[in-house]
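Residues per chain, in single letters:
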Amino acid sequence: MENIDNMGKNTLENLSAQNLSAAGKRRLSHEIVSALIALACLLAGMVYSYIFPNRPTVAALIYVIGIVVEGAGIFAVAIKGFLKKNLTNAMEILVAIAILACFFDGQYQLAILIPVILNLAHFFEERSIMGGREVIDGLRRMQADTAILLGEDGTETVVDAKTLTPGQKIVIKPGAAIPLDGCVVQGESNIDQKSLTGESMPQAVGSGDTVYAGTINLDGVLVVEVTCTYVDTSFSKILDMLEKSESISIPESRLLDRFMQYYIPLILTIAGAVALINSDISAAIAILVVSCPCGQMLVSSAPMIAALAVSTKRGVLIKNSKFIEELTEIDTVVFDKTGTVTEGVLSVSRCTPAEGMEANQIMAAAAALAFDSLHPVARAVMSSIDTSLAFDRDWTVRELPGKGMRGTRGDEEICFGSTGWFTEMGYALPEEPAHAGTINWVARNGRLLGSLCFDDTLRQEAPEAIAELRTLGIEKTVMLTGDRAAAAEMIRTASGIDEAYAQLLPEDKLTRVRELRGEEGENASRVLVIGDGINDALALKEANVGIAMGAMGSDTAIQSADIALMNNNLENIPFIIRLARRTRGIIYQNLVMSFLISFTMIFLSAFGIITALVGAFLHNIGAFAVLLNSARITREERRKH
């Protein structure tokens, strides 16, 4: 017995690469040990029967011990499934009946071999499924368990990352995984974020930048101030979402559940009829064995696991069954503008000096007020100025919400702000040529210096992504924005979007999405909304499917959308639609294939072509066919990249 137990433990050690949970290892260890004991009883019974052919009772007792050891777990699950009407245990119910039939027919050896062979086949089947989960499991292992805590006296101490609290400082060495979300307070480095965003290019970070758990520090040493606890990191929330998404129930799965209510009675009826007609219980036992619905149980779960693995590698996180239910039927795609179709970062597109003024004078005056401001317009000014431009920094600056900025220094004054504010102050502004961007004016000591025009930048991949949506059969693309009509029209034209609606509040976007969906019924449109998950939360909730762009670090994005994109790549929109359609197609193929194989084998068993022992080996053909077919999802994606 000790040797058998050691064999089981050694087998588990060989499986360590699969990273089974402790509960999974205990279950697998139990199955291996039970199978080895059952096979030992089978061998002992056969040897005893050969040596003492006139003592069949003792041999039968040895066989019964093997049947009980190997079959106890199956009978326990079968009884529980029968009482609770849990149809996921249909295999155990049918196998338990087959074992009983073998036992009462005196086929003790077969009663041992059937469950042993079935468990062996399921072992390889489970390894195949686990291989499909490698990407997701790899992501779960990305968050570091330990961290280097920086003490107030500068000492460094290795601590459990779970004990850290917001406000503490940690040191991230080159090559180390970042254990918690935080803000860089010292150092510069490049961060590998592809585990979360799918982006292959590292992200340069420095003081003031946010870093996330689960990413890798590539080169420099960073000091990071922790901003949340271990369980509240964006990474942990993503993992929670992944765990929930693995148990997604989709329409085809529910259809299968309804069918399975009739499957077991149907199989028992066929087996009983064959036993009565042929007066041979062996054919009935074979039917029970080959009819175990292993393939049917994987019809939807295997493709979904493959789809989750593929999407996670690209930083696309699927939250619920709308991925299959409605995304495949989408005919209208709605985009938010700022931060979705555009970069969401303003830039100075034009500098227009007043008569007698120069561009450097305008930029220097604007920079004198903007250099210490976090306002998007101010940051655009600072990112646009030449590094050699000299400007004063000793102005007392006051920001006026909705108007602009006013700076004073003794008797001097600089004003930098909107057309409405300058008109209100009595400036005679020259007529500007029509422009879609935002215009701000600059004046110094009552004299107009000129104007600066700011534009949002269209995402480089936007036109191609919109064009690809059309090739996928999307009938209408729409853009909703709170920006001015001229700015919206410029972005709409440049991106190729069909319609644009401007100057909308969040509740206005909600109303527009409801109008696009129309009345419920056959003619209703199925709308996909893409936004940043914050000011678009209402529209994302109202849509048939909501996709949040750039969700890393945003709780609102993860909560409000059905699908969360960890990056801002618009090419992921057509990708996820293609993936949903491909996954649905694979599921339908699996349904047809698994039942066709099952009923073919039932037919062959009924006519004695397949015996029960052969059926125990062959009954998993449907399951392996489903797994191979589902694996096409990952293979096709690898070929494309």
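Before reading further, recall that the structure is shown in the block above.
Described below are features of the structure shown in this document. This one's a predicted model, so the numbers in the text were calculated from it and none came from an experiment.

## Quick look at the overall build of the protein
Next, step 1: Looking only at helices and strands, the protein features 26 helices and 22 strands.
Next, step 2: Relative to its 641 residues, the protein shows a buried fraction of 48%.
Next, step 3: Restricting to contacts in the protein with at least 6 residues of sequence separation, those with at least 24 account for 67%.
Next, step 4: On the protein, roughly 30,200 Å² of surface is accessible, and the fraction owed to carbon and sulfur atoms is 56%.

## A short note on the nonpolar core
Next, step 1: Counting residues in hydrophobic clusters, the biggest one holds 50 residues, and the most contacted among them are Leu94, Ile112, Ile114, Ile267, Ile285 and Ile287.
Next, step 2: Breaking this core down by element, the ones donating at least two residues are helix H2 (22-51), helix H3 (56-84), helix H4 (90-104), helix H5 (108-132), helix H9 (251-278), helix H10 (281-290), helix H23 (572-606) and helix H24 (612-618).
Next, step 3: Excluding anything up to four places from it in sequence, isoleucine 267 contacts Leu94, Ile287, Leu288, Ser291 and Ile602.
Next, step 4: Leu308, Leu472, Ala488 and Ile530 belong to the second-largest nonpolar core, a separate cluster that totals 40 residues.

## Regarding the packing of aromatic side chains
Next, step 1: Evaluation of the coordinates by the stated rule reveals nine aromatic pairs.
Next, step 2: Ring geometry for phenylalanine 422 against tyrosine 427: centres 5.0 Å apart, planes inclined by 40 degrees, an arrangement best described as tilted.
Next, step 3: Note on phenylalanine 603 and phenylalanine 607: the rings are 4.8 Å apart at their centroids and 50 degrees apart in plane angle, and the pair reads as tilted. Phenylalanine 607 matches phenylalanine 603 in its accessibility class, with the two residues each being exposed.
Next, step 4: By the ring-pair criterion, three or more aromatic residues cluster together here, those being Tyr63, Phe103, Phe104 and Tyr108.
Next, step 5: The positively charged end of arginine 314 is found above the aromatic ring belonging to phenylalanine 575, 4.0 Å away from the centroid.

## Quick notes on the packing of H23 against helix H25 (residues 621-630)
Next, step 1: Contact geometry of H23 with H25 gives a least axis separation of 9 Å together with a crossing angle of 160 degrees. Taken as axis vectors, H23 and H25 run roughly antiparallel relative to one another. For the pair H23 and H25, the crossing hand works out as right-handed. Judged by residue contacts, Ile586, Gln589, Asn590, Met593, Ser594 and Ile597 of H23 engage Ile621, Gly622, Ala625, Val626, Asn629 and Ser630 from H25.
Next, step 2: Across the contact of H23 with H25, the residue classes tally to six nonpolar, six polar and no charged.

## Brief notes about the sheet that holds strand E5 (residues 189-192)
Next, step 1: On the basis of which strands lie adjacent, the open sheet formed by three strands has the order E6-E5-E8 and antiparallel pairing. Strand pairing shows two members of the sheet lacking a second neighbour, strand E6 (203-205) and strand E8 (216-217), which therefore form its edges.

## Topic: a nonpolar patch on the surface
Next, step 1: A grouping of Leu43, Val47, Tyr50, Ile51 and Phe52 is seen on the molecular surface, where their side chains present a nonpolar patch of about 550 Å² in accessible area.
Next, step 2: Given the relative accessible area of 51%, isoleucine 51 is considered exposed.

## A look at unusual backbone geometry
Next, step 1: Within the chain, asparagine 445 stands out as a residue other than glycine whose phi angle is a positive 55 degrees.
Next, step 2: Locating asparagine 445 in the fold gives a position in the loop between strand E16 (438-444) and strand E17 (447-458).
Next, step 3: Here asparagine 445 falls in the partly exposed class, since its relative accessible area comes to 45%.
Next, step 4: Within the chain, glutamine 503 stands out as a residue other than glycine whose phi angle is a positive 55 degrees.

## Examining the environment of isoleucine 573
Next, step 1: Examined against the element boundaries, isoleucine 573 turns out to sit in helix H23.
Next, step 2: Considering only alpha carbons, one finds isoleucine 573 and leucine 528, 45 residues apart in sequence, at a separation of 9.8 Å.
Next, step 3: Not counting residues up to four positions away in its chain, the partners in contact with isoleucine 573 are Leu469, Leu528, Ile530, Ile547 and Leu565.

## A word on helix H20 (residues 506-517)
Next, step 1: Taking 1.5 Å as the rise per residue, H20 with 12 residues should run 16 Å; its terminal C-alpha atoms sit 17 Å apart, in good agreement.
Next, step 2: Buried positions along H20 lie against strand E11 (332-336), strand E18 (476-480), strand E20 (527-531) and helix H21 (537-542).

## Some words on the sheet that holds strand E2 (residues 156-160)
Next, step 1: If you walk across this open sheet you meet the six strands as E2-E1-E3-E9-E4-E7, and the pairing is antiparallel. This sheet does not close on itself; its edge strands, each paired only once, are E2 and strand E7 (210-211).
Next, step 2: Here strand E3 (residues 169-172) pairs with strand E9 (residues 222-226) via four bridges, running antiparallel. If you follow valine 171 over to E9, its bridge partner there is valine 223.

## A short note on the pattern of salt bridges
When their charged atoms lie close together, side chains carrying opposite charge are able to pair.
Next, step 1: Tallying each qualifying case throughout the model produces 18 salt bridges.
Next, step 2: A salt bridge links arginine 578 to glutamate 468, with the nearest nitrogen and oxygen atoms 2.3 Å apart. Linking arginine 578 in helix H23 with glutamate 468 in helix H18 (residues 462-471), this pair joins segments that are 110 residues apart in sequence.
Next, step 3: In this structure, arginine 512 engages glutamate 515 in a salt bridge whose closest nitrogen and oxygen atoms are separated by 3.1 Å. Residue arginine 512 and its partner glutamate 515 are located together in helix H20, separated by three residues, close to a single helical turn.
Next, step 4: Classification of arginine 512 by relative accessible area gives partly exposed; the value is 24%.
Next, step 5: Linked through salt bridges whose partners overlap, the residues forming this network are Asp392, Asp394, Arg409, Glu412 and Arg444.

## Looking at the side chain of threonine 215
Next, step 1: For threonine 215, the location among the structural elements is in the loop between E7 and E8.
Next, step 2: Taking relative accessible area as the criterion, threonine 215 reaches 0% and is therefore assigned buried.
Next, step 3: A polar side-chain atom of threonine 215 sits 2.6 Å from the main-chain carbonyl oxygen of tyrosine 212.

## Brief notes about the pairing of E17
Next, step 1: Extensive coverage of E17 is indicated by the burial of nine of its 12 residues.
Next, step 2: Strand direction decides the pairing type here: strand E12 (residues 342-353) and E17, joined by eight bridges, are antiparallel. Paired with threonine 352 across the strands is serine 451, a residue of E17.
Next, step 3: Counted along the chain from E16 to the antiparallel partner E17, the turn is two residues long, and its residue asparagine 445 has a positive phi close to 55 degrees.

## Considering the pairing of E2
Next, step 1: One ladder, built from five bridges, connects strand E1 (residues 146-150) with E2; its direction is antiparallel. Residue pairing in the sheet places leucine 150 in a bridge with glutamate 156 of E2.
Next, step 2: Two successive antiparallel strands, E1 and E2, enclose a turn made up of five residues, where glycine 154 displays a positive phi of approximately 90 degrees.

## As for the environment of lysine 403
Next, step 1: Relative to the helices and strands, lysine 403 resides in the loop between strand E13 (396-400) and strand E14 (404-409).
Next, step 2: You can call lysine 403 partly exposed: its relative accessible area is 33%.
Next, step 3: Separated by 17 residues in the primary sequence, lysine 403 and glycine 420 place their C-alpha atoms 7.5 Å from one another.
Next, step 4: Residues within four places of lysine 403 in sequence aside, it is in contact with Gly417, Ser418, Trp421 and Glu424.
Next, step 5: At a separation of 3.4 Å, a polar atom in the side chain of lysine 403 contacts the side chain of glutamate 424.

## With respect to the side chain of glutamate 70
Next, step 1: Within the secondary structure, glutamate 70 is located in helix H3.
Next, step 2: Classification of glutamate 70 by relative accessible area gives buried; the value is 4%.
Next, step 3: Among the polar contacts listed, one links the side chain of glutamate 70 to the backbone nitrogen of alanine 35, at a separation of 3.2 Å.

Thresholds applied
By convention here, each chain's residues receive numbers from 1 onward along its written sequence. Reporting of local features is limited, given that this is a predicted model, to residues whose pLDDT is at least 70; pairs of side-chain atoms are given and counted only at 80 or more, and all residues count toward the totals for whole chains, interfaces and linings. Side-chain metrics in this entry use all non-hydrogen atoms of the structure; hydrogen atoms and water are not considered. Secondary structure follows DSSP: runs of H or I at least 4 residues long count as helices, runs of E at least 2 residues long count as strands, and numbering of each begins at the N terminus. Exposure is judged per residue with a 1.4 Å probe applied to protein chains only, and the accessible area is read against the type maximum: over 50% gives exposed, under 20% gives buried, and values in between give partly exposed. Pairs of residues are marked as contacts when any of their non-hydrogen atoms sit within 4.5 Å. Only the protein chains shown count as covering a residue, and every accessible area follows the Shrake-Rupley method with a 1.4 Å probe. We call a set of buried Ala, Val, Leu, Ile, Met, Phe, Trp, Tyr and Cys residues a nonpolar core when their side-chain atoms join them within 4.5 Å. Ring pairs shown here join Phe, Tyr and Trp side chains whose ring centres sit within 6.5 Å, with only the six-membered ring taken for Trp; geometry is labelled stacked below 30 degrees between planes, edge-to-face above 60, and tilted in between. Each ring is checked for a lysine NZ or an arginine CZ that lies within 6 Å of its centre and within 35 degrees of its normal; such an atom marks a charge sitting over the ring. Axis definition: a line fitted to C-alpha atoms, limited for helices to the stretch in contact. Angles are taken between N-to-C directions and run from 0 to 180 degrees. When an angle is under 35 degrees it counts as roughly parallel; over 145 it counts as roughly antiparallel; between 65 and 115 it counts as roughly perpendicular; any other value is oblique. By definition, any crossing whose near helix is turned counterclockwise from its far helix by less than a right angle is left-handed, and any crossing with a clockwise turn is right-handed. Side-chain classes are defined by residue name, with Ala, Val, Leu, Ile, Met, Phe, Trp, Tyr, Cys and Pro counting as nonpolar, Asp, Glu, Lys and Arg as charged, and the others, Gly among them, as polar. Any two strands are treated as partners once DSSP identifies two or more bridges connecting them. Only residues above 30% relative accessible area that lack a salt bridge enter a patch, with like-charged residues linked at up to 9 Å and the nonpolar side chains Val, Leu, Ile, Met, Phe, Trp and Tyr linked at up to 5 Å. Here, a salt bridge means any side-chain nitrogen of Lys or Arg that lies within 4 Å of a carboxyl oxygen of Asp or Glu. What a helix should span is 1.5 Å times the count of its residues minus one. Any N or O atom pair separated by 3.5 Å or less is treated as a polar contact, with the protein-specific requirement of one donor-capable and one acceptor-capable atom, and with residues adjacent in sequence counted only for side-chain atom pairs.

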